[in-house]
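# Topology and contacts: notes
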Amino acid sequence: MSRGSPDFSGHTVKTTGAALEDMADLAVRLGSIVEYDRRGDVVIADDFEAPVLKWNVNADGAGTAILDSTSVKLGSQAVKLTAVVGEDNETAIYKDLYTLTSRRMGVEVSFSNFPRDAELFIYIYHYDGTYKYQAEARFNHVDERLRVRDSDGTLPVIAEDLIFPIANFCFIPFKLVVDFSTEQYVRILLGNTEYDVSAYGSYKEVDATSVRDTIQVRLRNRSDSVAANVWLDSLILTQNEP
């Protein structure tokens, strides 16, 4: 392989090793969790390695969100969501932030052991004191479809026939990007595929909640016989997405 940098650069050609000019790649090599989609400016990058879960929890019944080491992507633990037995029972983690400067935002999370009878959601909300702006991406493993919540409240199908492995330590990345300044979606990434969803508008409704942004990842059970579990790791919030 060739080594060093092009002749016109100011770097000396190396006899061993190779030059590295991508600082994002350097960060990943040094342990950054921002390794899947490196676009956007990182606001939050949570690897769930802290001794406490730094997220609010909203759960039906005895549903839980706990730090657990059964299946991890990086480090020694991830967050395990459990939605109790019963169709439409849910467990979610969420965080409120004072509103970001950029309205072009992204949320990424990686999931493992996602069951065939459940749904996983990413939500991004922006409240301006008068309206709530909502971006929603949902992956339903029951019908194997990826959907968004459109501006009219419908749920158009973005992709179908999506089946992912259910195995410890096998994490699937999932990212939603929206531009609330135009009230349009930008893209969704799921697994090794990127979907252009710029033809769809984000949902909007009257809401007097004080100015803030909220991000949420939610698990919904679709079974009346067993609880649903999923392991989440590497949860990232970005702004200034291209």
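Quick caveat: nothing in here was measured; it's all calculated off a predicted structure. (Residues numbered from 1 in each chain as written. Predicted model: local features only at pLDDT ≥ 70, side-chain atom pairs only at ≥ 80, totals over all residues. Heavy atoms only, no water.)

## Observations concerning the overall build of the protein chain
Using the following cut-off: Helix numbers and strand numbers start at the N terminus; a helix is a DSSP run of H or I with at least 4 residues, a strand a run of E with at least 2. Accessible area is worked out with a 1.4 Å probe on protein chains only. A residue is then buried under 20% of its type maximum, exposed over 50%, and partly exposed in between. Areas reported as accessible are Shrake-Rupley estimates using a 1.4 Å probe. Residue values count occlusion only from the protein chains shown.
Looking only at helices and strands, the protein chain features 1 helix and 16 strands. Of all 242 residues assigned to the protein chain, the portion counted as buried reaches 49%. Per element, the accessible surface of the protein chain, about 11,100 Å² overall, is 48% carbon and sulfur.

## With respect to the pattern of salt bridges
Note the threshold: The term salt bridge refers to a side-chain nitrogen of Lys or Arg lying within 4 Å of a carboxyl oxygen of Asp or Glu.
Evaluated as defined, the whole model comprises 22 salt bridges. The salt bridge involving glutamate 136 is made with arginine 149; its shortest N-O contact spans 3.1 Å. On the criterion of sequence distance, the pair formed by glutamate 136 in strand β8 (residues 131-140) and arginine 149 in the loop between β9 (145-148) and β10 (157-159) is long-range, its members being 13 residues apart. For glutamate 241, the salt bridge identified is with arginine 187, shortest N-O distance 2.6 Å. Taken together, the positions of glutamate 241 in the segment after β16 (228-239) and arginine 187 in strand β12 (residues 184-190) put the pair 54 residues apart, joining distant regions of the chain. Looking at glutamate 241, the relative accessible area reads 3%, which means it is buried. Looking at arginine 187, the relative accessible area reads 6%, which means it is buried.

## With respect to the pairing of β16
Counted only if it meets this: DSSP bridges decide pairing: two strands pair if at least two such bridges lie between them.
Across the 12 residues of β16, 11 count as buried, placing the element largely inside the fold. Note: strand β1 (residues 41-46) against β16, 5 bridges, orientation antiparallel. Counterpart to aspartate 41 in the pairing with β16 is glutamine 239. Relative to β16, strand β4 (residues 78-83) runs antiparallel, the two being bridged by 5 bridges. Bridge pairing in β16 places leucine 81 opposite valine 230. Pairing of strand β6 (residues 104-112) with β16 involves 6 bridges; the strand directions are antiparallel.

## What about the side chain of histidine 126?
Put simply, the test is: Contacts described as polar in this section are N or O atom pairs within 3.5 Å, which, within protein, must combine one atom able to donate a hydrogen with one able to accept it, while residues neighboring in sequence count only if both atoms come from side chains. Residues are treated as being in contact if the distance between any of their heavy atoms lies within 4.5 Å.
Secondary-structure assignment places histidine 126 in strand β7 (residues 118-127). Side chain to side chain, histidine 126 and arginine 103 meet in a polar contact 3.3 Å long. Apart from the residues within four sequence positions on either side, histidine 126 is in contact with Thr99, Arg103, Tyr131, Lys132, Tyr133, Phe180, Arg212 and Asp213.

## Details of the environment of glycine 75
With respect to the element layout, glycine 75 can be found in the loop between β3 (64-68) and β4. As a C-alpha pair, glycine 75 and isoleucine 33 span 42 residues in sequence and 9.9 Å in three-dimensional space.

## Things to note about the packing of aromatic side chains
Note the threshold: Two rings belonging to Phe, Tyr or Trp (six-membered ring only in the last case) form a pair when the distance between their centres is within 6.5 Å. Interplanar angles under 30 degrees mark stacking, angles over 60 mark edge-to-face geometry, and anything in between is tilted.
A complete count under the given rule lists 11 aromatic pairs for this structure. Measuring from centroid to centroid gives 5.5 Å for phenylalanine 139 and phenylalanine 164, while their planes differ by 80°, and the two rings are edge-to-face. Here phenylalanine 164 lies in the loop between β10 and β11 (172-179) and phenylalanine 139 lies in strand β8, a separation of 25 residues in the sequence. Overall, phenylalanine 139 belongs to the buried group, its relative accessible area being 0%.

## A look at unusual backbone geometry
Not every positive phi belongs to a glycine, and aspartate 161 is a case in point at roughly 60°. Here aspartate 161 shows up in the loop between β10 and β11. A residue is classified by how much of its surface remains accessible, and aspartate 161, at 64% relative accessible area, is exposed.

## A word on the nonpolar core
Counted only if it meets this: Nonpolar cores are built from buried Ala, Val, Leu, Ile, Met, Phe, Trp, Tyr and Cys residues. Side-chain atoms within 4.5 Å join them into one set.
Core analysis: the biggest nonpolar cluster contains 47 residues, and Ile93, Phe111, Ile124, Leu146, Phe174, Leu190 and Leu232 have the highest contact counts within it. Per-element accounting of this core gives the leading share, 5 residues, to β16. When neighbours within four sequence positions are excluded, leucine 146 is seen to be in contact with Arg138, Phe139, Pro156, Val157, Ile158, Ala159, Leu162, Phe174, Ile188, Leu190 and Tyr195.

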